[in-house]
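# Observations on the three-dimensional arrangement
These are the residues of each chain, in order.
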Amino acid sequence: MNIVWFKRDLRIHDHKALSWAAETETVIPLYIFEPDLWRQPDMSFQHFQFLKNCLLDLNQSLTKLGQGLIIKVGSATEVFQQLHNEFGIKSIYSHQETWNHWTYRRDLEVKDWCKKKHITWHEPTQNGVIRYLKDRDGWSGRWYKTMRENVSNPPSKLCSLKIASDQIPGPNELSLNTSFQNKDNIGGRKEAIHLLDSFLHQRGEGYTKEMSSPLTAYESCSRLSPHIAFGTISIKEVFQAVERRKQKLKELSKDRKGRWPSAIRSFSGRLRWHCHFIQKLEDDPSIEFKNMHPAYDNLRQDFFNEAYFLAWKEGRTGFPMIDACMRALIETGWLNFRMRAMLMSFASYHLWLHWQKPALYLAQLFTDYEPGIHYSQVQMQSGTTGINSIRIYNPIKQGLDHDPDGIFIRKWIPELIDMDNDYIHTPWKMPSQLNGYPMPIINEAEARKSAASQLYGLRKNRTHKETAQRIVKKHASRKQSRSIRQRKQPSRNAQQGELPL
């Protein structure tokens, strides 16, 4: 028997592990539901709901091939041992995975178990992340080469097996907070294909300019990020669909192209960032817990203001754009990148909270939670990477720029539905119309100034710059030749980047 171990690659198309295994002997298509994973602080009912949709869809796809998905509950090594005792496992096939620390430790245990049992574990790649990478030289070129490889076709048939599946535990058994519900995110490949098609041909024309505002981003962004995170569609499939759309646009006359060339170019440019950020965690798993730059290790650690944290979590800081974004995220499980960055920036700079607790809370809320992207971005927006520009978002300005008439704010903060337009972004100036909405918990200008002073002060240290150069070599994206890189620091665009959310 060969086992195809599905993890966060819940599809049969462009699935190297499945294609490779099906060429050999009888295949057990297996998903292991690991209760201990779901009890980790970054997991939530949002993810649980989406996963169940994905597993149902995957089972239907596999059943059409002759053998449905087999689900087992327990630790990976215990499940493998049980199957090995019953059938005799020859090989295990699964894609390489870069996920949270728990899964990293789990994979080390599986590797050790396979070695002791003399079982071969095949781990093909499913994206552009490279294991055992020495540095980033040539990384971008290798990513494009991978994305242009042929996609793997699913097998034509699987042998039917009589293996019973286990019942997945309910959310209460896993202590999942059911108040975080996926009301707008539907898992499964059918939905992923629908979203990709509608984005590339209907919804996405205004992507370039409309992805930054929560008013327009919900429709104009691809909304594929949860599907890429759970693997119902591969990043390679998305890339190649975008390339085909580019070619079709070239055949159209200028007046028929509209804004599509700009939109497709913007989206295509951001696809690479997906793997770029995950590569950071692959190269340094500690960034899930530790500051990327050690100069910030004593920053924000003396005191954590729980009252500020609670107000931020509940969308009751007194700053309408912050609170509207948080409430929308709680309700929908999705938020556009700029507003995510603003939420994290506000927590780290204005409220001066260490990034770890806010990071875990946001991880629970994001249906598309991807640890490599998440912790890299959290540290970037908290100023602890040492190599990125310090971005302290002014929530009032962000509101004026991206929700000038307060439409988004009024939708998610009903207390302010009757607030005068002139005060919708500064409602504390019209206390008679607050209707129970809180006053600001901090002085925005003073908090921003204090945070900037402390961060920039640390960056003046010479040892800070020397360490930053080593971080750039290890983690920064670059396309220039070595001689050019030695003469100048990477550009701002090489260090920052919005993701295709």
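Residues numbered from 1 in each chain as written. Predicted model: local features only at pLDDT ≥ 70, side-chain atom pairs only at ≥ 80, totals over all residues. Heavy atoms only, no water.

## Observations concerning the overall build of the chain
Scanning the chain from N- to C-terminus turns up 24 helices and five strands. The C-alpha atoms of the chain give a radius of gyration of 24 Å, which matches the 23 Å a tight globule of 501 residues would have. Dimensions along the principal axes, computed over C-alpha positions, put the chain at roughly 70 × 60 × 55 Å. The burial tally for the chain puts 59% of its 501 residues in the buried class. For the chain, contacts bridging at least 24 residues in sequence account for 80% of all contacts bridging at least 6. (Helix = DSSP H or I, 4+ residues; strand = E, 2+ residues; numbered from the N terminus. Rg over C-alpha atoms; globule rule 2.2 N^0.38 Å. Buried < 20%, exposed > 50% of the residue type's maximum accessible area, 1.4 Å probe, protein only. Contact = heavy atoms within 4.5 Å.)

## Some thoughts on the confidence of the model for the chain
On average, the chain scores 93 in pLDDT, and the residues at 70 or more come to 95%. The low-confidence segment residues 480–498 (pLDDT under 50) makes 34 contacts with residues lying over four places distant or belonging to another chain. (pLDDT = per-residue confidence, 0-100.)

## Focus: the packing of aromatic side chains
Taken as a whole and assessed by the stated rule, the structure comprises 23 aromatic pairs. With a centroid separation of 6.0 Å and 85 degrees between ring planes, the pair formed by Tyr218 and Trp334 is classed as edge-to-face. Of this pair, Tyr218 sits in helix α9 (residues 214–220) while Trp334 sits in the loop between α15 (320–332) and α16 (337–350); the two residues are 116 residues apart in sequence, bridging distant segments of the chain. According to the relative accessible area criterion, Tyr218 is partly exposed, its value standing at 29%. Looking at Trp334, the relative accessible area reads 4%, which means it is buried. Just above the ring of Trp5 sits the side chain of Lys7; from NZ or CZ to the centre is 4.3 Å. Above the face of the Trp352 ring, Arg300 is positioned so that its terminal group lies 4.5 Å from the ring centre. (Phe/Tyr/Trp six-rings, centres within 6.5 Å; stacked < 30°, edge-to-face > 60°. Lys NZ or Arg CZ within 6 Å of the ring centre and 35° of its normal.)

## Topic: the environment of Ala22
Here Ala22 lies in helix α1 (residues 16–22). On the basis of relative accessible area, Ala22 is assigned to the partly exposed category, the value being 27%. In sequence terms Ala22 and Asn2 are 20 residues apart; their C-alpha atoms lie 8.5 Å from each other. Residues in contact with Ala22, not counting those within four places in the same chain, are Val27, Pro155 and Leu158.

## Description of the nonpolar core
By size, the foremost hydrophobic cluster in this structure holds 78 residues, and its most contacted members are Phe6, Leu10, Tyr31, Trp38, Leu62 and Trp312. Tallying contributions element by element places helix α3 (residues 45–65) first for this core, with nine residues. If sequence neighbours within four positions are ignored, Trp38 has contacts with Phe33, Met43, Ser44, His47, Phe48, Leu51, Leu174 and Leu176. The next biggest cluster of nonpolar side chains, apart from the first, holds 36 residues, and it includes Leu133, Tyr207, Met211 and Ile278. (Core = buried A, V, L, I, M, F, W, Y, C linked by side-chain atoms within 4.5 Å.)

## A closer look at the packing of helix α4 (residues 76–87) against helix α5 (residues 101–117)
Viewed as axis vectors pointing N to C, α4 and α5 meet at an angle of 30 degrees, and their least axial separation amounts to 9 Å. Looking at the two axes, α4 sits roughly parallel to α5. Contacts from Ala76, Thr77, Phe80, Gln81 and His84 of α4 reach α5 at Arg106, Glu109, Val110, Trp113 and Lys117. (Axes fitted to C-alpha atoms, helices over the stretch in contact; angles between N-to-C directions. Parallel < 35°, antiparallel > 145°, perpendicular 65-115°, else oblique.)

## Focus on the pairing of strand β2 (residues 27–33)
Looking down a regular strand, the side chains alternate between one sheet face and the other. Counting buried positions along β2 yields seven of seven residues, so the element is predominantly enclosed. Residues Val27, Pro29, Tyr31 and Phe33 of β2 are buried on one face, and the alternating residues Ile28, Leu30 and Ile32, pointing to the opposite face, are buried as well. Inspection of the sheet shows strand β1 (residues 2–6) paired to β2 by five bridges, in the parallel sense. Counterpart to Ile3 in the pairing with β2 is Ile28. Each parallel crossover has a hand, and the one from β1 via α1 to β2 is right-handed. (Pairing = 2+ DSSP bridges. Right-handed = clockwise from strand over helix to strand, strands pointing away.)

## Quick look at the sheet that holds β1
Spatial strand order, β3-β2-β1-β4-β5: five strands in an open sheet with parallel pairing. One side of each edge strand has no neighbouring strand; the edge strands of this open sheet are β3 (70–73) and β5 (120–122). Each strand axis lies, on average, 30 degrees off the axis of its neighbour in the sheet, ignoring direction. The pairing of β1 with strand β4 (residues 91–93) spans three bridges and is classified as parallel. Residue pairing in the sheet places Val4 in a bridge with Tyr93 of β4. Against the sheet, α4 makes contact with β1, β2, β3 and β4, and its axis sits at roughly 150 degrees relative to β2, the strand it touches most. Taken strand by strand, α5 contacts β1, β4 and β5, and its axis lies near 140 degrees from that of β5.

## A look at the packing of α16 against helix α18 (residues 371–382)
Contact geometry for α16 and α18: axes closest at 8 Å, N-to-C directions at 55 degrees. Classified by the angle their axes make, α16 and α18 are oblique. Taken as a pair, α16 and α18 cross one another with a handedness that is right-handed. Together, Phe337, Ala341, Met344, Ser345, Ser348 and Tyr349 of α16 and Gln377, Val378, Met380, Gln381 and Ser382 of α18 make up the contact between the two elements. Taken together, the residues of the contact of α16 with α18 break down into six nonpolar, five polar and no charged. (Left-handed = near helix turned anticlockwise from the far one by under 90°. Nonpolar A, V, L, I, M, F, W, Y, C, P; charged D, E, K, R; others polar.)

## So, helix α6 (residues 139–147)
All of the buried residues along α6 are Trp139, Ser140, Trp143, Thr146 and Met147. Buried residues along α6 cover an arc of 125 degrees about the axis, so they all sit on one side. (Arc of directions from axis to C-beta.)

## Some points on the pattern of salt bridges
A full pass over the atoms with the stated rule returns 25 salt bridges. With its nearest N and O atoms 2.9 Å apart, the salt bridge here joins Glu97 to Arg106. Residues Arg106 and Asp107 are paired through a salt bridge, measuring 2.7 Å at the closest nitrogen-oxygen approach. Of the two residues examined, Arg106 and Asp107, each falls in the buried class. (Salt bridge = Lys/Arg side-chain N within 4 Å of Asp/Glu carboxyl O.)

## Side note on unusual backbone geometry
In this structure, Ser175 takes a positive phi of about 60 degrees despite not being glycine. Considering the arrangement of structural elements, one finds Ser175 in the loop between α6 and α7 (189–201). By relative accessible area, which is 65% here, Ser175 ends up exposed. Even without being glycine, Arg300 reaches a positive phi, approximately 65 degrees. Inspection of the secondary structure assignment puts Arg300 in the loop between α13 (260–283) and α14 (306–314).

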